[in-house]
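Structure assessment
Chain by chain, the residues run as shown.
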Amino acid sequence: MSVQDRTDFLAAPHVAILAVTRENRGPLAVPVWYDYRDGEVLVWTRDSSRKAQLVRAAGRFSLAVQHAEPPYGYVTVEGPVTWQPNPPHATLLRIVSRYLPPEAAAAFVEANQTPDAVLLSMRPESWISGSPAS
């Protein structure tokens, strides 16, 4: 994929797999909703989650997104993480609105915005992508 194609692909609302290393085991890989814009991947989670604990320990994570129907394609990005505690409601709504209709997105954010909410922010340092044409 070209740089623009992979950026556009990552910006589309795909369910992603977040992967992070674990000591003495294979990596943890879990599905997540995310947002990508202005060169930054955002993932909303709880600071107390296993995923967040592992990302904190590793200091970085990978994110893989794919198009599950023909023409198949994928983008994987990896980079260091920064933490944003107490994420703004508008940012959480922006992430969830990529996946749910407006009323359902608002209800989801209201039900799930907890005191230990955190945004994992990553500016990709490396990219891998593929498509049928590549």
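Now for a quick tour of the structure. (Residues numbered from 1 in each chain as written. Predicted model: local features only at pLDDT ≥ 70, side-chain atom pairs only at ≥ 80, totals over all residues. Heavy atoms only, no water.)

1. A short note on the side chain of Ser-121
To be explicit about the condition: Per the convention used, a helix needs a DSSP run of H or I reaching at least four residues, while a strand needs a run of E reaching at least two, with both numbered from the N terminus. In protein, a polar contact means a hydrogen-donor-capable atom and an acceptor-capable atom, both N or O and within 3.5 Å, with residues adjacent in sequence counting only if both atoms are side-chain atoms; elsewhere, any N or O pair within 3.5 Å suffices. In this analysis, two residues are considered to be in contact whenever any of their non-hydrogen atoms come within 4.5 Å of each other.
Mapped onto the elements of the fold, Ser-121 is located in strand β7 (residues 117–122). At 2.4 Å, the side chain of Ser-121 forms a polar contact with the side chain of Glu-40. With residues up to four places along the chain from it excluded, the contact list for Ser-121 reads Glu-40, Val-41, Leu-42, Pro-80, Val-81, Thr-82 and Gln-84.

2. Focus on the pairing of β7
If a strand is regular, its side chains alternate between the two faces of the sheet. Worth spelling out the cut-off: Each residue's exposure class comes from its accessible area (1.4 Å probe, protein chains only) as a fraction of the maximum for that residue type: buried when under 20%, exposed when over 50%, partly exposed otherwise. DSSP-based pairing: two strands are paired if at least 2 bridges between them are found.
The buried count for β7 comes to 6 of 6 residues, which makes it a mostly enclosed element. In this sheet, β7 lies alongside strand β4 (residues 40–46) in antiparallel orientation, the contact comprising 6 bridges. Residue pairing in the sheet places Arg-46 in a bridge with Ala-117 of β7. Sheet topology note: the strand β6 (residues 73–85)/β7 ladder contains 5 bridges and is antiparallel. When the bridges of β7 are listed, Pro-85 appears paired with Val-118.

3. Here's the deal with the packing of aromatic side chains
Our working rule: Classification of ring pairs uses Phe, Tyr and Trp, with its six-membered ring standing for Trp, and accepts pairs whose centres are within 6.5 Å; under 30 degrees between planes counts as stacked, over 60 as edge-to-face, and the remaining range as tilted.
A full pass over the atoms with the stated rule returns 4 aromatic pairs. On the basis of an interplanar angle of 5° and a centroid distance of 5.0 Å, the ring pair of Trp-33 and Tyr-99 is categorised as stacked. In this pair, Trp-33 sits in the loop between β2 (25–32) and β3 (35–37) while Tyr-99 sits in the loop between α3 (89–97) and α4 (102–112), placing the two residues 66 residues apart along the sequence. Consider the rings of Trp-33 and Phe-108, whose centres lie 5.3 Å apart with planes at 50°: the pair is tilted.

4. Details of the side chain of Asp-35
Structurally, Asp-35 is set in strand β3. Within the structure, the side chain of Asp-35 is placed 3.4 Å from the side chain of Arg-98, a separation counted as a polar contact. Apart from the residues within four sequence positions on either side, Asp-35 is in contact with Glu-40, Val-41, Leu-42, Arg-94, Ile-95 and Arg-98.

5. Structural notes on α3
Note the threshold: Arc definition: directions from the helix axis to the C-beta atoms.
Of the residues making up α3, those classed as buried are Thr-91, Leu-92, Ile-95 and Val-96. Considered in projection along α3, the buried side chains sweep an arc of 130° and stay on one side of the axis. On its buried face, α3 is in contact with β3, β4, α4 and β7.

6. Topic: the packing of α3 against α4
Two packed helices can be described by the angle between their axes and the distance between those axes. To be explicit about the condition: Angles shown run from 0 to 180 degrees and are taken between the N-to-C directions of axes, each axis being a line fitted to C-alpha atoms and, for helices, limited to the stretch in contact. For classification purposes, angles smaller than 35 degrees are called roughly parallel, those larger than 145 roughly antiparallel, those between 65 and 115 roughly perpendicular, and all remaining angles oblique. For a crossing to be left-handed, the near helix must be turned anticlockwise from the far one by less than a right angle; the clockwise case is right-handed. Basically, the charged four are Asp, Glu, Lys and Arg, the nonpolar ten are Ala, Val, Leu, Ile, Met, Phe, Trp, Tyr, Cys and Pro, and anything else, Gly included, counts as polar.
In the contact formed by α3 and α4, the axes pass within 9 Å of each other and the chain directions differ by 130°. Classified by the angle between their axes, α3 and α4 sit oblique to one another. As α3 packs across α4, the resulting crossing turns out to be right-handed. On the side of α3, the interface is formed by His-89, Leu-92, Leu-93, Val-96 and Ser-97, while α4 contributes Ala-105, Ala-106, Phe-108, Val-109 and Glu-110. Looking at the contact of α3 with α4 residue by residue, the classes come out as 7 nonpolar, 2 polar and 1 charged.

7. Here we look at the pairing of β4
Judged by how many residues are buried, β4 sits mostly within the fold: 5 of 7 residues are covered. Strand direction decides the pairing type here: β3 and β4, joined by 3 bridges, are antiparallel. Residue pairing across strands places Tyr-36 opposite Val-41, the latter belonging to β4. The antiparallel pairing of β3 with β4 creates a hairpin that spans 2 residues between the two strands, and Asp-38 there sits at a positive phi of about 55°.

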